[in-house]
Amino acid sequence: MNTLKQIEQAYSLAKKQYEDIGVDTDAALEILATISISVHCWQGDDVCGFESQKGLTGGGIQATGNYPGKARTAEELRSDLDMALGLIPGRHRLNLHAIYAETGKTHIDRDELAPEHFTNWIAWAKDKKLGMDFNPTFFSHPKADGGFTLSSRDENIRRFWINHGVICRKIAEHIGKELGTPCVTNFWIPDGYKDIPADRNAHRQLLKESLDEIFSQIADPRYNLDSIESKLFGIGSESYVVGSHEFYLGYAIANKKLLCLDSGHFHPTEVISDKISAVLCYLDAILLHLSRGVRWDSDHIVILSDELRNIALEVVRGDFLDNVHFGLDFFDASINRIAAWIIGTRSIINALLYALLEPHDTLRKYENDGDFTGRLALMEELKTLPAGAVWDYYCFKHDVPTGMLWLDEVRSYEKEILSKRY
Ligand code: RNT
Ligand code: ZN
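Read on for an overview of the structure. (Residues numbered from 1 in each chain as written. Chains lettered and ligands numbered in written order. Predicted model: local features only at pLDDT ≥ 70, side-chain atom pairs only at ≥ 80, totals over all residues. Heavy atoms only, no water.)

With 12 residues, helix α9 (residues 306–317) extends 16 Å between its outermost C-alpha atoms, agreeing within 8% with the 16 Å of an ideal straight helix rising 1.5 Å per residue. Along α9, the positions that sit buried rather than exposed are Glu307, Leu308, Arg309, Ile311, Ala312, Leu313, Val315 and Val316. Where α9 is buried, its residues contact α8 (273–279), β9 (286–290), β12 (324–328), α10 (337–356) and α11 (360–368). Looking one or two residues past α9, Asp319 carries a phi angle of roughly 60°, positive in sign. (Helix = DSSP H or I, 4+ residues; strand = E, 2+ residues; numbered from the N terminus. Expected span 1.5 Å × (residues − 1). Buried < 20%, exposed > 50% of the residue type's maximum accessible area, 1.4 Å probe, protein only. Contact = heavy atoms within 4.5 Å.)

Put into structure tokens, the structure is as follows:
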């Protein structure tokens, strides 16, 4: 266990080592503290929401596992989020899906939701000084069971979901106004076919028309920012997803929307780190859904992988911190859900720290001079510099446990609170 003195000593040694390669660790930590991660509510209850007992259905996604203690009510979910956020350094945001509305005993359908159904969430966020982001929910609903929502050939189904989209932007605007920070509203539409379509075009035309209609209503960008998320394939939509990358890249550029790049939504050998600087040639801002694809699943818990570091490096190297919104998107029901949040969120903050500790100018100079030997050698060297000591110091300064001490707190919460939920 690290004592305060050890943490400080290790930090001052690390600081010196980074200084030797031209990196100011204090400055890096200052920048790190300004970066907010949008923490997704849905890891806390396996994307169930509070609408029905059935939980997550369809939509090409699945939460697997039956680890005990999942949140069953909004109070429980907020309490679990409090626990998680208290063990993560920095000030972050909450990312909420429409199915987390609190409608009391009455069932309110998705096309009739209103800001008042989110009053408790907004009050909670205000109290904790968190910004909020929002998502219309186009799955887990009888009107989504046919596999198509905004791109359905059935006009009634399409109308229902258009109304949902319109209402969600109003809710988001309200949230943004209340909290004084724009709410990023992310549209992910699961529509697609399991098997080979005979007409790929028709649904794309319908999706475009539906989106045009939703976005034709003015939403104040000071309070709401629209974002659209693509996917290559999902469970049950293996052959065709209407909202593909090309579809949304085109739509975002043509309509000045944020593009959401989900790191689990591409071909397994394709990485979003390479896409960031490419799409930002044409877009002002993007949203990242940090996730981890494993085989056919796109939603494993984020870890400090090479790709996560590369994503962070790309954002920092490109000076894109003001153009990139960081969001998390994973759901694992097989381990302690609060731990899942903490592991994933801490890992992206850690990746950002790693990126901020890179001597960009030196690397760029090697590159510009054609010294690719030096470039590769330094990149390798950086991997074993004491970023961990800087990270511990950062956690300590932000009053959260260093090392794995956070797990002790999660385990006692599990014993006292989670184990009593059944
Ligand atoms: C699904 C998308 C989407 C969802 C959330 C729950 O593949 O990534 O973002 O995970 O909206
Ligand atoms: Zn996503």
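Now that the structure is up, let's keep going.
The next subject is the pairing of strand β3 (residues 131–135). Among the 5 residues of β3, 5 are classified as buried, and the element is accordingly described as predominantly covered. Neither face of β3 is left uncovered, since the one carrying Gly131, Asp133 and Asn135 and the one carrying Met132 and Phe134 both have all their residues buried. Both strand β2 (residues 93–97) and β3 contribute to a ladder of 5 bridges, which runs parallel. Following the sheet pairing, His97 is matched in β3 by Asn135. Once you follow β2 into helix α4 (residues 119–128) and on to β3, the crossover reads as right-handed. (Pairing = 2+ DSSP bridges. Right-handed = clockwise from strand over helix to strand, strands pointing away.)

The next point concerns the packing of α10 against helix α14 (residues 405–416). Two numbers describe how α10 lies on α14: the axes approach to 10 Å, and their chain directions differ by 160°. One way to sum up the angle between α10 and α14 is to call them roughly antiparallel. Crossing geometry of α10 relative to α14 is assigned as right-handed. Across the interface between the two elements, Ile338, Ala339, Ile342, Ile343 and Arg346 of α10 pack against Trp406, Val410 and Tyr413 of α14. Classifying every residue of the contact of α10 with α14 gives 7 nonpolar, no polar and 1 charged. (Axes fitted to C-alpha atoms, helices over the stretch in contact; angles between N-to-C directions. Parallel < 35°, antiparallel > 145°, perpendicular 65-115°, else oblique. Left-handed = near helix turned anticlockwise from the far one by under 90°. Nonpolar A, V, L, I, M, F, W, Y, C, P; charged D, E, K, R; others polar.)

Turning our attention to empty space enclosed by the protein. Overall, the coordinates contain 4 cavities of 30 Å³ or more when judged by the stated rule. Volume-wise, the largest cavity comes out at about 140 Å³. Surrounding the largest cavity, 16 residues form its lining, Ile61, His97, Trp188, Glu229 and Asp329 being those nearest its centre. Elements with a minimum of two residues in the lining of the largest cavity: β4 (183–188) and β11 (297–300). (1 Å grid on protein atoms, 1.4 Å probe; cavity = no way out; pocket = protein on both sides within 12 Å on 5 of 7 lines; lining within 4 Å. Points joined across faces, edges and corners; volume = space filled by probe spheres on them.)

Two elements in contact, α10 and helix α13 (residues 387–397), have axes whose closest approach is 10 Å; the angle formed by their N-to-C orientations is 120°. Taken together, α10 and α13 sit at an angle that is classed as oblique. Considering only the axes of α10 and α13, their crossing is right-handed. When α10 is examined against α13, the residues Arg346, Ile349, Asn350 and Leu353 are found in contact with a partner set consisting of Ala387, Val390, Trp391, Tyr394 and Cys395. Of the residues in the contact of α10 with α13, the class split is 7 nonpolar, 1 polar and 1 charged.

A word on the nonpolar core. Counting residues in each nonpolar core, the largest one holds 128 residues, and the members touching the most others are Trp121, Phe134, Ile286, Leu288 and Phe326. Those residues in contact with Ile286, other than ones at most four positions away along the chain, are Leu258, Leu259, Leu261, Ile276, Val279, Leu280, Asn323, Val324 and His325. (Core = buried A, V, L, I, M, F, W, Y, C linked by side-chain atoms within 4.5 Å.)

A few words now on the side chain of Ser237. Among the secondary structure elements, Ser237 is positioned in the loop between β6 (224–229) and β7 (240–241). Classification of Ser237 as buried rests on a relative accessible area of 5%. In this structure, Ser237 is in contact with Pro190, Gly192, Tyr193 and Lys194, ignoring residues within four places of it in sequence.

Take the site of ligand 1 next. Trp42, Ile61, His97, Phe139, Trp188, Glu229, Lys231, Asp262, His265, His289, Asp329 and Phe331 make up every residue found near ligand 1. At a separation of 2.8 Å, an oxygen atom of ligand 1 approaches a polar side-chain atom of His265. Relative to its unbound accessible area of 310 Å², ligand 1 is 100% covered by the protein chains. Taking a 2 Å distance to the grid points as the criterion, the majority of the atoms of ligand 1 fall inside the largest cavity. Along the lines of polarity and charge, the residues of the shell around ligand 1 split into 5 nonpolar, 3 polar and 4 charged. (Near = heavy atom within 4 Å. Polar contact = N/O pair within 3.5 Å; in protein donor to acceptor, adjacent residues only side chain to side chain. Areas by Shrake-Rupley, 256 points an atom, 1.4 Å probe, with all protein chains shown as cover. Sits in = over half its atoms within 2 Å of the grid points.)

This part is about the layout of surface pockets. Empty space among the atoms can be located by rolling a probe the size of a water molecule over them. Size it by volume and the largest pocket reaches roughly 450 Å³. In this structure, the largest pocket is lined by 33 residues; those nearest its centre are Ser263, Gly264, Arg292, Gly293 and Val294. Of all the secondary-structure elements, those providing two or more residues to the lining of the largest pocket are β10 (292–294), β11 and α9. In terms of residue class, the lining of the largest pocket is built from 15 nonpolar, 11 polar and 7 charged.

By themselves these figures say nothing about function.
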